[in-house]
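# Structural description and commentary
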Amino acid sequence: MMEHKHPNPRRLVPLIPILNRRARRLARSPAEAEDLVQDTLLSLCQCLRAGHRIDDLPSYAMRTLSNRARRGWRVQATEELEDDHGITEPDALIRLDCADTLAAISGLPKPQRQLMELVVAGETSPRALANSTGLPVGTVMSRLARARARLRIKLEE
C-alpha cells in the first residue's frame with residue numbers, strides 16, 4: 001500500500017512503547033535508548049513524508065531501530081579501537097617475546113595473517129589497513145579481532 005504524502009504522525013504513537021522497550025535492551029543507558037527511539041521516529045516520519053511504501057509499519061520500525069543501534073555500535077567500536085592505538089606505548093611490542101609472536105602470526109589463516117603482518121610492519125589504523133587492502137573497515141576490524149584472539153590463545157599455551 002502506498003502511504004500518503006503527509007501521513008498522520010499519530011500512526012507512529014502506538015509504536016513508541018514497543019520501540020522504547022526494544023531500545024532499552026539495545027542501548028547502554030536510558031538516554032541512549034531515548035535518542036535511538038527519537039532517531040528512529042524521525043527516520044520513519046521522513047520515509048512516510050517522502051511517500052515510501054511501507055507494508056508493515058511496526059516491523060519496519062523495529063528493523064530501523066535495530067539498524068540504527070548496530071550503526072552506533074560500529075562507530076563506537078571504531079572509535080574505541082582508534083583510541084586504544086593512541087594510548088599503546090610504542091615499545092609494547094619490544095617487551096613481547098618477538099620470536100614466539102611472529103611464529104604465532106605465521107600460523108594464522110592467510111586473511112588474518114596478512115593483516116597482522118601489516119600491523120607488525122607499523123600500520124595500526126583500521127582505516128589505513130582497509131585502504132591498503134581494499135577491504136571494508138568492518139571486515140578489517142573483525143579479522144583483526146579474530147587474529148588477536150587466536151594469538152592470545154596460542155601465546156598462553
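The structure displayed is predicted, hence computed values, not measured ones.

The next subject is the overall build of the protein. Along its length, the protein carries eight helices and zero strands. Ordering the α and β elements of the protein from the N terminus gives α-α-α-α-α-α-α-α. A total of 157 residues make up the protein; the buried ones form 28% of that total. On the protein, roughly 10500 Å² of surface is accessible, and the fraction owed to carbon and sulfur atoms is 54%.

Before going further, it helps to spend a moment on the pattern of salt bridges. This structure, assessed with the given rule, holds three salt bridges. Here Asp55 ties to Arg53 by a salt bridge, and the two come within 2.9 Å at their closest N and O atoms. Accessibility assignment for this pair places Asp55 and Arg53 in one class, exposed. Residue Glu117 pairs with Arg113 through a salt bridge whose shortest N-O separation is 3.8 Å. Separated by four residues within a single helix, Glu117 and Arg113 lie in helix H6 (residues 110-120), roughly one turn from each other. With relative accessibility at 23%, the residue Arg113 sits in the partly exposed group.

With that settled, the discussion passes to the environment of Ala147. Inspection of the secondary structure assignment puts Ala147 in helix H8 (residues 137-156). What makes Ala147 buried here is its relative accessible area of 0%. A sequence separation of 31 residues divides Ala147 from Met116, and the C-alpha atoms of the two residues are 7.4 Å apart. Residue contacts for Ala147: discarding those within four places in its chain leaves Leu108, Gln112 and Met116.

A few words on the packing of helix H7 (residues 126-133) against H8. With their axes 8 Å apart at the nearest point, H7 and H8 run at an angle of 110° to one another. Judged on the interaxial angle alone, H8 and H7 are roughly perpendicular. Contacts between H7 and H8 involve Pro126, Arg127, Leu129, Ala130 and Thr133 on the former and, on the latter, Val137, Val140, Met141 and Leu144. Class assignment for the residues of the contact of H7 with H8 results in seven nonpolar, one polar and one charged.

Before going further, it helps to examine the nonpolar core. Ranked by internal contacts, the top residues of the largest apolar core, which has 18 residues, are Leu12, Leu19 and Leu65. Mapped onto this core, the elements with two or more residues apiece are helix H1 (16-26), helix H2 (30-49) and helix H3 (57-87). The greatest single-element share of this core, amounting to seven residues, is contributed by H2. Once you skip the residues sitting within four places of it in the chain, Leu19 turns out to touch Val37, Thr40, Leu41, Ala61, Met62 and Leu65.

Before going further, it helps to examine the packing of H6 against H8. When two helices pack together, their arrangement is given by the angle between the helix axes and by the axis-to-axis distance. One way to put it is that H6 packs onto H8 with a least axis distance of 9 Å and a crossing angle of 90°. As summarised for this structure, H6 and H8 are arranged roughly perpendicular, according to the angle between their axes. Between H6 and H8, the residues in contact are Pro111, Gln112, Leu115, Met116 and Val119 and Val140, Arg143, Leu144, Arg146, Ala147, Arg148, Arg150 and Leu151, respectively.

This part covers helix H5 (residues 98-106). In an α-helix, one turn spans 3.6 residues, which is why side chains three or four residues apart end up on the same side. Thr101, Ala104 and Ile105 are the residues of H5 that are buried. Taken down its axis, H5 places every buried residue within 100° of arc, on the same side. Residues of H5 that are buried sit in contact with H6 and H8.

Looking at the protein as a whole, the pLDDT averages 79, with 78% of positions reaching at least 70. Residue range residues 1-6 is modelled with pLDDT below 50. Its contacts to residues more than four positions away, or to other chains, number 15 contacts.

Conventions we followed
Residues numbered from 1 in each chain as written. Predicted model: local features only at pLDDT ≥ 70, side-chain atom pairs only at ≥ 80, totals over all residues. Heavy atoms only, no water. Helix = DSSP H or I, 4+ residues; strand = E, 2+ residues; numbered from the N terminus. Buried < 20%, exposed > 50% of the residue type's maximum accessible area, 1.4 Å probe, protein only. Areas by Shrake-Rupley, 256 points an atom, 1.4 Å probe, with all protein chains shown as cover. Salt bridge = Lys/Arg side-chain N within 4 Å of Asp/Glu carboxyl O. Contact = heavy atoms within 4.5 Å. Axes fitted to C-alpha atoms, helices over the stretch in contact; angles between N-to-C directions. Parallel < 35°, antiparallel > 145°, perpendicular 65-115°, else oblique. Nonpolar A, V, L, I, M, F, W, Y, C, P; charged D, E, K, R; others polar. Core = buried A, V, L, I, M, F, W, Y, C linked by side-chain atoms within 4.5 Å. Arc of directions from axis to C-beta. pLDDT = per-residue confidence, 0-100.

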